Each structure stands twice: as structure tokens, then as C-alpha cells.
Amino acid sequence: LFLTTTEKVMGVSPDVSFKTMSKVYLGDLAARASIDFLADQIAGAGFYTTMNKDYDERSDGKTAKELVDEFCAEQGLDEVLQESARYLIGWGNVFWWVGNIRKIEFLRPVPLEIIRDNGVKFDADGQLDRIELEWRRQPSEISGDEVIHLAYNVLSAKPLGIGVLQSLCTPLDIGDG
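The structure displayed is predicted, hence computed values, not measured ones. (Residues numbered from 1 in each chain as written. Predicted model: local features only at pLDDT ≥ 70, side-chain atom pairs only at ≥ 80, totals over all residues. Heavy atoms only, no water.)

1. As for the sheet that holds strand β8 (residues 147-151)
Pairing between the strands of a sheet is mediated by backbone hydrogen bonds and can be parallel or antiparallel. Going by this rule: The rule for pairing is simple: two strands pair if DSSP sees at least two bridges between them. Here a helix means four or more residues in a row that DSSP labels H or I, a strand means two or more in a row labelled E, and each is numbered from the N terminus. The contact criterion used throughout is that any non-hydrogen atoms of two residues lie within 4.5 Å. Lines fitted to the C-alpha atoms define the axes, with helices restricted to the stretch that makes contact. Angles between their N-to-C directions range from 0 to 180 degrees.
In spatial order, the strands read β4-β3-β8; together these three strands make up an open sheet with antiparallel pairing. At either margin of the open sheet sits one strand with a lone partner, and together these are β4 (108-109) and β8. The sheet contact formed by strand β3 (residues 93-97) and β4 spans two bridges and is antiparallel. By the bridge assignment for β4, W96 is matched with P109. Where helix α5 (residues 77-90) meets the sheet, it contacts β3, β4 and β8, and its direction lies at approximately 145 degrees from that of β3.

If you want it as C-alpha cells, here you go:
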């Protein structure tokens, strides 16, 4: 990652804050409808799993497919994918709080509007260190070891994606043209 020393110390935010983009999403019916429509096209009716019929290995008496299906149902993965598609299209980013990225314990998208301005912190190696939250609940921050960050349309040196809402909120400067 190409983070400045200041960004590593102070954290990063998109050029238009997540909170501002959330206000536009909630307040502009056309923007919301277009983002929701595209998310519906991407996530659709969800997904399904298959398994090679010749694969017999079991864990606790269940096949791999049964274990995956059970986890997906418990976590509401169809809904998580729908919400994630919405965040990626609209805001350009989604942060999945998973507890332990080596053995996912749960899967919850972090609402972007509760991430503090400059609250996405990276360590000296450019790895996600933590996300600082601004809300009246616990936790007040989530360790980077518990988060999977997905970014769409990363067009700058920042590690954050750029969604439709950021484009809508950014003034068009075309010079003297």
C-alpha cells in the first residue's frame, strides 16, 4: 500500500466520508434505487453449494456441503452478500467482522456510517490494524485481525474503494474546457 506516514498514523477515510455517503443514500431516492437494483443483480436470490458425489469424508457425521450450508444459514449469508453488494456498489467498500480470519466464527458487515472519520488504521507494513467506531455501543474498535476488507474500484493510492455515492458527492472539475 502507498500510505503516507500521516495516513499510517492518523488513519484513512474516503474523500467523501462514509457518513455523508450514507446520508445521500438515504436521502436520494434515485441513488438508492440504482444501488439497490445493481446489488439485486449481483447478489440475486443468493447462492447454493454443490459437492462431488464421490466425496465421502465427514466431520461430526456431516458432509462438507452440510457443514457449509449450516454455517451459511446460521450467518444469513444470502442477506450478508446482498448487503455487501450494496456497500461495494454505493460506498466502494465493505468490512466483514469475522472474529477470526483463520477460522471464521461469525460474519457481520460493519455499518460504514459508524466508522469514525480517519478511523480505518493501518500498521507500518500497510496491513489493516483496526477500525475505530463512532456509536453508543461496544465495541469502540475492531482489530484488523478480525476483519476482512473488500474494496471495489480502488483508483487511488488509498486502500479504499470508490463507489457510486462518492462520485455523486464529488464536484465535477473539468478546468477551462
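2. Let's talk about the nonpolar core
Counted only if it meets this: Buried Ala, Val, Leu, Ile, Met, Phe, Trp, Tyr and Cys residues that are joined via side-chain atoms within 4.5 Å together make up what is termed a nonpolar core. Accessible area is worked out with a 1.4 Å probe on protein chains only. A residue is then buried under 20% of its type maximum, exposed over 50%, and partly exposed in between.
Of all hydrophobic cores here, the largest spans 37 residues; its most connected members are W91, F95, V110 and I115. Looking at this core, the elements that each hand over two or more residues are α2 (18-27), α3 (29-43), α5, β3, β5 (115-122) and β6 (128-133). Tallying contributions element by element places α5 first for this core, with six residues.

3. Concerning unusual backbone geometry
Of all residues except glycine, most have a negative phi; of all peptide bonds, most are trans. The omega torsion of the bond from Q138 to P139 falls at 0 degrees, within 30 degrees of zero and hence cis. Mapped onto the fold, P139 is located in the loop between β6 and β7 (141-143). One non-glycine residue, N118, adopts positive backbone phi at about 60 degrees. By secondary structure assignment, the location of N118 is in strand β5. Judged by its relative accessible area of 33%, N118 is partly exposed.

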